[in-house]
Each structure stands twice: as C-alpha cells, then as structure tokens.
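Structural features, examined
Now for the letters of each chain:
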Amino acid sequence: MLSLEYALHAREPGARVNGPVPAEHAPLLTAALAEPEPAVAALRDWLAAHPLAGTIEHLAYVLLPGIYRRLSLAGVDLPERARLASTYRHTWALNQRLHQSLHRYARALDAEGIPFVVIKGPWLLAYAYGDPGTRPTADLDLVIRPADLPRLQQWLAREGFRPTHDPPPPHHLARSCGLGYRRAGAVDLDVHWHPFMADTPVAAEERFWADSVWMDLQGARVRVPSPLDGFLLTLWHGRKPDPGSRLRWIVDAALQLRRAPIDLAALLARAEHTRLLQPCVEALPILADYTPLDLPSLPSPPALPWQLELYDRLQRHAAARRRHSVWADPWRKPRSLALRGLEYWLSTHSFGQDFEWGGLIRHFQTVWASRAAGLHESARDQPISMADRHH
C-alpha cells in the first residue's frame, strides 16, 4: 500500500524530493566511494570549481571530512590537505559533544522509564563510518513510542528544551511524525514518535521495535535499528526534500552495504509493509549508479488515487501562477481551499479513518495557524564559510 503522506510530501510546493545527483557535485561521490587514484582525480576536479577558501554548500561540505580521512589513510597526496583536515577536526570535536549529550540523555530517559531507539547520525557513525570525525551530525534523532510522548514532553520542559516550531494541536498529533527541540548551549533533539511515516501501520512500527538491537555508541549502550530498518531509513530520508542529504544519503547507504550486504527481497517486503515501497524503488536505482548493487526487477509503486492526481494538477497550476498578484489570479483562494480539502481527504483515507467535516475545519485552522507563525528554517542548510576552518 502507498504512503499517501509521502506522496503528498513529494508534491508540496517547492519540495525537492532528491532525484538525480547535481552534476557539479557528482565528483564528490566518486571521491567518497571510488578507489584512491580515481577518487583523488575526482576531488581535484571538484576543487578546481569549488575552492575551499570560499563558501561551500552544505550538501558538499558534509562529505569532505569523510573524503579527507579515507584518502589520508590511503596515503595519497591530497590537494588542499590543510583545509580538508580542518573539516575533519571540526567534525570530530562537534561529534564528541554530540556523544557526551547522548550519554546524558540516555541516562535521563532510562531514569524516566522512557524507551527509545537512536537513529540516523550517531548510529551511522558507529555502524557504517567507524570514525566520529567523518560525518557531521547536527542533532540527536530519537524514536519513542507515541504513548510515551506526554512524559517525554514533560521531561523536555523541565530540562529547558523548547520546540523549534509550534507543536501540532492534539487532534493533529497522530498525523505527525516528530518534532525538533532546542535549548541554548545544548545539542538539538529531534524526537520521532513514528520511525517512518505517520501513516505507517502499527504492526510495522511494532516490528521496528522488536527488531531493534543494543549497540555501544561511543560508550553509551543504547537501542538502535536493525541493519535492515536502518538501511530503509537511509533510503527514505535520502528521498525527503532535505538539501543537506542530497549527496550524503548515497554515501551513508554505500557504507552500510560495505559493512554488511542487504537482502533486497527482504528490503522490498519491509518497504511494502511500512508503505515506503515508492521511495525505496525510487532510491535504489540512484544508489546502484555508485555501488556494485545488483538490482532485481523492481516492482512498480502502487497506483495513485485520482484525488492525488487532481492534487498534483492543482499544485502545478498554482506553481505556474505563483508570481501573479491575487487580482491577476482569481482562482488562488478556491484552489487553495481545494488543495487543503484534498490533503485532509488523502490523509484521512491513508489512516483508514472516516471523513468528518469537523476534522476538515480543524485541518484548515492548523494550516492557517502554521502559516501565520512562519516555518522554522534550519541553519544547517545554509552555505558554510571555510574562512575559519583552516586553523
């Protein structure tokens, strides 16, 4: 079954579901994954167009520490060695702070009796990279059970953490995946009460918890996803419209495959069970361009309902007229109402719930309140200046 939440997510205005690798940064993937000689040649080509004395896009910067460490250990002559080494040292120091925070949070949550699973950055550092200086990680991602959310929110409030944006109202909470929390001077927390999508079946989420394993992360013994679920999460997060992951998810997935091969039949079955078959099928051919991945004949994603096709047409209609004034686009308000109504119907259908007029009105109120408050913009997606990275 299709995750309609993912399908809607991919069709939002401005969404950049990660597709083909940007041509200008493709050499970085070669530098990160190829044998040393072609890797250094690719790195030189990239540096010729992107000198490290300037400003580097975030999606490229996050690969540089791993490239430096890998090629440095291979004993090759590196261009811009001093500046590349500075990205490694900077990442190592930040990740030491991240792991210290993980120790503190793990002890506190254990004392509160709140089980959790560590996903993404800290797990990938230990499982796939094996070196805390090779992958920048901006925050800690924790998965909890939905029933434990109220107790976790109480603990976060006591500790001085505040949401990075307005939390969803109670009637909308079940249709949300997670929320970020921030406290001055502390490592950010990204709390997920659904490990995949909000409309993932409960049975699939219970399987995620049952298959999770214990692992030592820099001295903190915590629960992490199974290799299969971790790989699926990498593919799924690689397809999300996150500029910082457009290249890194490929390296993340490739290094996981080098650590241990993945049973593709089991992966596809798991993806179908979690309603993530579509992003999985979209991601695997991209990954196969950079790894020795022998892909079988991939199944076709489930057909889209006509309501989603209509939603897509309205979004394209809106995008074509976005520069027009309200008076030049008389269909703006009716089209917006139709889009919000379709969003509610699709999410209701995805959760197997009945359509309710009261629920539709609350959905309109939630959307308008979110727009009035503004969207939280993460600093991690901004370009990074290399001016202070060479010390």
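Every chain is numbered on its own, with residues counted from 1 as its sequence reads. The predicted nature of this model means local features are confined to residues of pLDDT at least 70 and side-chain atom pairs, given and counted, to a pLDDT of 80 or more, with totals for whole chains, interfaces and linings taken over all residues. Where side-chain values are given, they derive from all heavy atoms of the structure, hydrogens and water being excluded.

Below, the discussion takes up the confidence of the model for the chain. Across the chain, the average pLDDT comes to 81, with 70% of residues at 70 or higher. Per residue, pLDDT measures the predictor's confidence, with a range of 0 to 100. Secondary structure elements follow DSSP: runs of H or I no shorter than four residues count as helices, runs of E no shorter than two count as strands, and numbering proceeds from the N terminus. Across the chain, the secondary-structure element scoring lowest on mean pLDDT is helix H1 (residues 4-10), at 53, and the one scoring highest is strand S2 (residues 117-119), at 98. Any two residues whose heavy atoms approach within 4.5 Å at even a single point are treated as in contact. In the predicted structure, residues 11-17 sits below a pLDDT of 50 and forms 19 contacts with residues beyond four places in sequence or in another chain. Here residues 373-381 is modelled with pLDDT under 50, and outside its nearest four sequence neighbours on either side it reaches 11 contacts, counting other chains as well.

Attention now goes to the sheet that holds S2. The strand order across the open sheet formed by 5 strands is S2-S3-S6-S5-S4, and the pairing between neighbours is mixed. Each end of this open sheet is capped by a strand with a single partner; those strands are S2 and strand S4 (162-163). With 5 bridges connecting them, strand S3 (residues 139-143) and strand S6 (residues 188-192) associate as parallel partners. Counterpart to Leu140 in the pairing with S6 is Leu189. To obtain an axis, a line is fitted to C-alpha atoms, over the contacting stretch when the element is a helix, and the angle between two such axes runs from 0 to 180 degrees between their N-to-C directions. Together, S2, S3 and S6 form the strand contacts of helix H6 (residues 81-112), whose direction differs from that of S3 by roughly 30°. Sheet strands in contact with helix H8 (residues 149-158) are S4, strand S5 (178-182) and S6, and its direction is about 170° off that of S6. Strands are labelled as partners when DSSP assigns at least two bridges between them.

Let us look at the packing of helix H11 (residues 227-239) against helix H14 (residues 277-288). Taken N-terminus to C-terminus, the directions of H11 and H14 make an angle of 90°; their axes are 9 Å apart at the nearest point. In terms of orientation, H11 and H14 fall into the roughly perpendicular class. From H11, Phe231, Leu232, Leu235, Trp236 and Arg239 reach across to H14, where they touch Pro279, Cys280, Glu282, Ala283, Leu284, Ile286 and Leu287. Each residue gets one label: Ala, Val, Leu, Ile, Met, Phe, Trp, Tyr, Cys and Pro are nonpolar, Asp, Glu, Lys and Arg are charged, and the others, such as Gly, are polar. By residue class, the composition of the contact of H11 with H14 is 10 nonpolar, no polar and 2 charged. Orientation is classified from the angle alone, with under 35 degrees giving roughly parallel, over 145 giving roughly antiparallel, 65 to 115 giving roughly perpendicular, and any other angle giving oblique.

Side-chain rings of Phe, Tyr and Trp, where Trp is taken by its six-membered ring, are said to pair if the distance between their centres is within 6.5 Å; with planes under 30 degrees apart they count as stacked, over 60 as edge-to-face, and otherwise as tilted. All chains considered together, the criterion is met by 7 aromatic pairs. Considering the side-chain rings of Phe196 and Phe208, the 5.7 Å spacing of their centres and the 80° angle between planes classify their relative orientation as edge-to-face. In this pair, Phe196 is assigned in the loop between S6 and helix H10 (202-211) and Phe208 in helix H10, connecting sequence segments 12 residues apart. Any residue under 20% of the maximum accessible area for its type is buried, any over 50% is exposed, and the rest in between are partly exposed; the area is computed with a 1.4 Å probe on protein chains only. The class for Phe208 is buried, based on a relative accessible area of 0%. A connected cluster of aromatic rings, assembled from ring pairs, spans Tyr105, Trp155 and Phe161. Two thresholds decide whether a charge sits over a ring: the Lys NZ or Arg CZ must be within 6 Å of the ring centre and within 35 degrees of the ring normal. Across from the ring centre of Trp209, 4.3 Å away, lies the NZ or CZ of Arg145, which sits over that ring.

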